[in-house]
Amino acid sequence: MTLPNVGVSEISTFDPALPSDLNSAEAIQLTFSGLVGLDPKTLNVVADMAQDVPSVANGEITNNGSTYTFKLKPGLKFSDGNPVTASDFAFSIDRSLDPRLKSNVATVYLGAIKGAMDRYAGTNGVTSIIGTGVVVVDPSTLQINLAQPVAYFLEAMTYSTSFAVEQSNASFTNAKWTDNAVGTGPFMLKEWVHSDHMTFVPNPYWYGAKSKITQITMPFIKDTEVAYKSYKAKELDMDGLGATITSADYADAKALPNHQLQEGPYLETNYVSPNWNIAPFNNQAVRQAFAYATDRDTIAKTVLKDSVYSTDHIVPNGMPGYFAGLQGLAFNPTKAKQLLTSVYPDPTKVPAITLTYPDVGDNKAVALELQSEYTQYLGVTIQLNGEDFNKLVNDVYGNNIQFYMLAWIADYPDPQDWLSLQFTKNAPNNTMNFNDPNFDALTNKADVEQNQATRFTEYNQAEELAVDEVAWIPFSQNKNTYVVQPWVSGFTVDAGGLIPDSVWANVYVTQH
Amino acid sequence: MLRFFLRRLIGLLFVVIGVTFVTYAMGYLAPNQDPIAALLGQHNTPQAYATLKHEYGLDKPWYIQYGTFLLNLAHGNLGLSYRYPGQSVNDFIGPAIAISIQLGLSALILALVLGIPSGIIAALRANTWVDTSLMSVMLFFYAVPAFVIIPFYQVLIDILVANNLPTLPVQGWSEGLTYKIVPVVILALTSMGYFARISRTVMLEVLRQDYVRTARSKGLSERRVIYLHAFRNALLPLLSVIGPSLAFLVSGAFVIEDLFNIPGVGGAAIQAVANRDWPVLQGTVVVLAVAVVIMNIVVDILYSVADPRIRIQ
């Protein structure tokens, strides 16, 4: 099966400790696996190499949510036939945090573990967290101690920074070890021609249901449009992995026979954010006026040609904890004008506003549309400033960009990633200076609450506050779009853009 | 001969230092080119930024960073990539060089094989319809760059696919011979036009020379006159344009490699710019600079072989 990895000429890394991009994660997901994984449909945490998902009920989450115990399935082996034990997981987690690896994601996913931040920064004499943060109880039992309770820890554990690597195989200093990487996933690496393609064959020691696919060829195709043309020329079995079908090709893909286009929500919200410390956005009525004046349907349908969903939610559809009943600030130009004139009776007296946007892809078209909408519905003049994406992200952390457009992609499927991490008073991502003690109280409680239903309710209430008070003005949620040839059955990609291990048992390719 | 090589090697050293310094300065001074920000993406918090910048040694002064690069280069080490953690630039560029040479040489041979005979035929049939038609076609290919031809090819593919007709591959390189045909042909077209036009001019010049007239008056066959007397002498100026045109071929390969998804040096350089991966970009620039200088030395040597009057000093 030809499974192109689109948008790159080479994956950044094949080391599970390092990936910060979807393209690398796609390849890693085939070859490595962890204690827990995600259900492809619901994105709920499910057991992978662990016998079950730790919970308070089964006694595997103790110490007020600070200690997690994982019991390994019996008979687990790496693809070279060596056994997988708890000490392999302890090694793998500790290794991900090793400063020599320079992982820029390890602390995002493992930072909650006791000693992890010091291990990563090499501070306070911490050179290992084995025995403190990660404890090998016996060969089939691993205990993880957190610095403080966090209820989203299991979701974070589904990321590859916790996947098993073999101690005799993985190196700390020689990145070329991945050319002969040994893992525990459904496939194993057969060949890697750098900057060209990877080839995978089934892992004979894979513990899950066997796949009927005998070989996967993963060419790297950096140009999305070239990949789509190649798909249409029947050179590829699917397209859209690593980079979804672009808005330019979306209509064409939708018209392909046999429903080749698959689409569903992707966990990415696009938004504009008003800085609460800079006029005129230091006034809630003004912020709300802009939210009400945002015609999200026109952006989604006309500007982006239906390649995205229009949304006024912060937590995207498809996430566990998604708040279907959220009363957002839906497009209402009359109300928008009323709110603005309640503060500025003469809209020409509104302080100068500059909307800074990342000048890449369709963002300029969206910025132009927003400029036109705010002029039309509010009577204000908006200056546009296109910037390099990375510079903009850098700049917003200075907390002094007045009005900016950005997007957030899920790190792990938990509302904490979208709310606590973005808007609590001291959150590093609180670059719009959102400030509501009620929001902080709700999210602080939800972050440690062990009852999932209760914590989702608390997050829902917090999201309602952030939307009402206008921390962000969300306008669209990306679609997870990919095309699959009619001769491929059972293939599916989850809302995070990855192919969960369990999918492979159902995939087969018919004669064509 | 030894002095010639020594002089060229010293020149090469200056070229390498010059191009790496310019590339380094451009990367260092250009706005929005922070590799750490690019690495961190949406997780670019001030704390994470400071930690990673320190780990990559980018918090050191520029002259220390550049000095370290030159020191490593003297040991044949092009450094580590920013985008591909832990991967050495040497490992990254090695296979790319092989592919670029394959592409470049195939295109050069094709361009020479088609271009030079076309130029000679045009010169022999000067000012006839054969000359005009051939040179018009060659001028067209010379004038239209690869990045204009490729979209036309892609549109052609769209039409063929829509009508369920067979096509040559849209992208790729290593999968088989069919994948190589279109990139090589498109890369060869521009150079082919160039060689054809130069060959025609040179050949016309040679055909007007006294020794050609003498050869004809001696009653030699036209074939003998052309191949033995005229062509060999026409080769000399042709050789002098092959060297510089190799650089032209390389710059053309940048576009071809990028648009056909070919993992060569050109494609790697374009990706390195997009990724702010300055070590990889510097590596590709060093490789290309060295290649162009070496090819020029080779051409100088060939020059002396073709014309015994010239001796390398």
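Shown above is the structure to which this text applies.
Described in the following lines is the structure provided in the data block. Keep in mind that what you see is a predicted model, and the values were worked out from it rather than measured.

### Here's the deal with the sheet that holds strand 9 (residues 197–202) of chain A
Residue and element names in this part refer to chain A.
Move 1: Spatial strand order, 1-10-9-8: four strands in an open sheet with mixed pairing. Strand pairing shows two members of the sheet lacking a second neighbour, strand 1 (5–6) and strand 8 (187–193), which therefore form its edges.
Move 2: When strand 8 meets strand 9, the two strands line up antiparallel, connected through six bridges. If you follow Glu 191 over to strand 9, its bridge partner there is Thr 199.

### Looking at the pairing of strand 9 of chain A
Residue and element names in this part refer to chain A.
Move 1: Most of strand 9 sits out of view: five of its six residues are buried.
Move 2: The turn linking strand 8 back onto strand 9 is made up of three residues, and Ser 195 within it adopts a positive phi angle of 65°.
Move 3: Judged from the four bridges that link them, strand 9 and strand 10 (residues 216–221) form a sheet pairing that is antiparallel. Residue Phe 200 lies in a different strand from strand 10, and its bridge partner there is Ile 216.

### Describing the packing of helix 5 (residues 89–124) of chain B against helix 12 (residues 278–306) of chain B
Residue and element names in this part refer to chain B.
Move 1: One can describe the packing of helix 5 onto helix 12 by two numbers: an axis separation of 10 Å at closest approach and a directional angle of 45°. For the element pair helix 5 / helix 12, the angle class is oblique. In terms of crossing hand, the pair formed by helix 5 and helix 12 is right-handed. For the pair formed by helix 5 and helix 12, the contact residues are Val 89, Phe 92, Ile 93 and Ile 97 on the first element and Pro 279, Val 280, Gly 283, Thr 284 and Val 287 on the second.
Move 2: Split into classes, the residues belonging to the contact of helix 5 with helix 12 amount to seven nonpolar, two polar and no charged.

### Some details on helix 7 (residues 247–254) of chain A
Residue and element names in this part refer to chain A.
Move 1: Those residues of helix 7 lying buried are Ser 247, Asp 249, Tyr 250 and Ala 253. Burial along helix 7 is one-sided: seen end-on, the buried residues are contained in an arc of 145°. Facing away from the buried side of helix 7, by more than 90 degrees, are the exposed residues Ala 248 and Ala 251.
Move 2: Buried-residue contacts for helix 7 involve helix 6 (224–232), strand 12 (261–274) and strand 17 (473–484).

### Looking at the sheet that holds strand 4 (residues 61–62) of chain A
Residues and elements named next belong to chain A.
Move 1: Sheet architecture is open: four strands sit in the order 4-5-7-6, paired in antiparallel fashion. Strands with a single pairing partner mark the edges of an open sheet, and in this sheet they are strand 4 and strand 6 (134–138).
Move 2: Both strand 6 and strand 7 (residues 141–145) contribute to a ladder of four bridges, which runs antiparallel. If you follow Val 135 over to strand 7, its bridge partner there is Gln 143.

### Some remarks on the packing of aromatic side chains
All names here are of chain A.
Move 1: Within the structure shown, the criterion is met by 33 aromatic pairs over all chains.
Move 2: When the centroid spacing of 5.6 Å and the interplanar angle of 5° are considered together, the rings of Tyr 152 and Tyr 412 count as stacked. Residue Tyr 152 is located in the loop between strand 7 and helix 5 (153–156), and its partner Tyr 412 is located in the loop between strand 16 (403–409) and helix 13 (420–423); the two are separated by 260 residues in the primary sequence. Accessibility assignment for this pair places Tyr 152 and Tyr 412 in one class, buried.
Move 3: Note that Arg 95 overlies the ring of Phe 172, its terminal NZ or CZ placed 5.8 Å from the centroid.
Move 4: Arg 287 extends its terminal NZ or CZ atom over the ring of Trp 276, reaching a point 3.6 Å from the ring centre.

### Some words on the pattern of salt bridges
Residues and elements named next belong to chain A.
Move 1: Summed over all chains, the structure comprises 17 salt bridges over all chains.
Move 2: The partner of Arg 119 in a salt bridge is Asp 94, with the nearest N and O atoms 2.8 Å apart. Note that Arg 119 is positioned in helix 4 (residues 116–121) and Asp 94 in helix 2 (residues 86–96), a separation of 25 residues in sequence. Each member of the pair Arg 119 and Asp 94 is classed as buried.
Move 3: A salt bridge links Lys 445 to Glu 458; the nearest nitrogen and oxygen atoms lie 2.6 Å apart. One end of the pair, Lys 445, is in helix 14 (residues 437–448); the other, Glu 458, is in helix 15 (residues 452–468), and 13 residues separate them in sequence.
Move 4: Classification of Glu 458 by relative accessible area gives buried; the value is 7%.
Move 5: What you see here is one network of salt bridges that share partners, running through Asp 94, Asp 98, Arg 100 and Arg 119.

### Points about the pairing of strand 10 of chain A
Residues and elements named next belong to chain A.
Move 1: Burial analysis of strand 10 places five of its six residues in the buried class, which makes it a mostly covered element.
Move 2: Direction of pairing for strand 1 relative to strand 10: parallel, over a ladder of two bridges. Among the inter-strand pairings, Val 6 is bridged to a residue of strand 10, identified as Ile 221.

### So, the nonpolar core
Move 1: Of all hydrophobic cores here, the largest spans 71 residues; its most connected members are Phe70(A), Ile93(A), Ile113(A), Ile144(A) and Phe153(A).
Move 2: For this core, the element with the highest residue contribution is helix 12 of chain B, accounting for six residues.
Move 3: Non-local contacts of Phe70(A), meaning those with residues more than four positions away in its chain, are made with Leu35(A), Val36(A), Ala50(A), Pro54(A), Ser140(A), Thr141(A), Leu142(A), Ile144(A), Leu154(A) and Met157(A).

What counts and how
- Residue indices follow the written sequence of each chain, beginning from 1 at its first position.
- Chains carry letters and ligands carry numbers; both start at the beginning, A for chains and 1 for ligands, and go up in the order they are written.
- Restriction of local features to residues with pLDDT of at least 70 applies here, the model being predicted, together with a cutoff of 80 or more for giving and counting side-chain atom pairs; totals for whole chains, interfaces and linings are based on all residues.
- For the side-chain quantities, the full set of heavy atoms in the structure was used; hydrogens and water were omitted.
- Pairing between two strands is assigned when DSSP locates at least 2 bridges connecting them.
- Helix and strand definitions here come from DSSP, where helices need a minimum of 4 consecutive H or I residues and strands a minimum of 2 consecutive E residues; each element is numbered from the N-terminal end.
- Accessible area is worked out with a 1.4 Å probe on protein chains only. A residue is then buried under 20% of its type maximum, exposed over 50%, and partly exposed in between.
- Between N-to-C directions, angles span 0 to 180 degrees; the directions come from axes that are lines fitted to C-alpha atoms, helices contributing only their stretch in contact.
- An angle below 35 degrees is treated as roughly parallel, one above 145 as roughly antiparallel, one from 65 to 115 as roughly perpendicular, and anything else as oblique.
- Crossing handedness follows the turn of the near helix against the far one: under a right angle anticlockwise gives a left-handed crossing, and clockwise gives a right-handed one.
- The criterion used for residue contact is that any of the two residues' heavy atoms lie within 4.5 Å.
- Under the convention adopted here, Pro, Cys and the residues Ala, Val, Leu, Ile, Met, Phe, Trp and Tyr are nonpolar, Asp, Glu, Lys and Arg are charged, and Gly plus all remaining residues are polar.
- Comment: arc refers to directions from the helix axis out to C-beta atoms.
- Side-chain rings of Phe, Tyr and Trp, where Trp is taken by its six-membered ring, are said to pair if the distance between their centres is within 6.5 Å; with planes under 30 degrees apart they count as stacked, over 60 as edge-to-face, and otherwise as tilted.
- Here, a charge over a ring is recorded when the distance from Lys NZ or Arg CZ to the ring centre is within 6 Å and its angle to the ring normal is within 35 degrees.
- Salt bridges are identified by distance alone: a Lys or Arg side-chain nitrogen within 4 Å of an Asp or Glu carboxyl oxygen.
- To form a nonpolar core, buried Ala, Val, Leu, Ile, Met, Phe, Trp, Tyr and Cys residues must be joined to one another through side-chain atoms within 4.5 Å.

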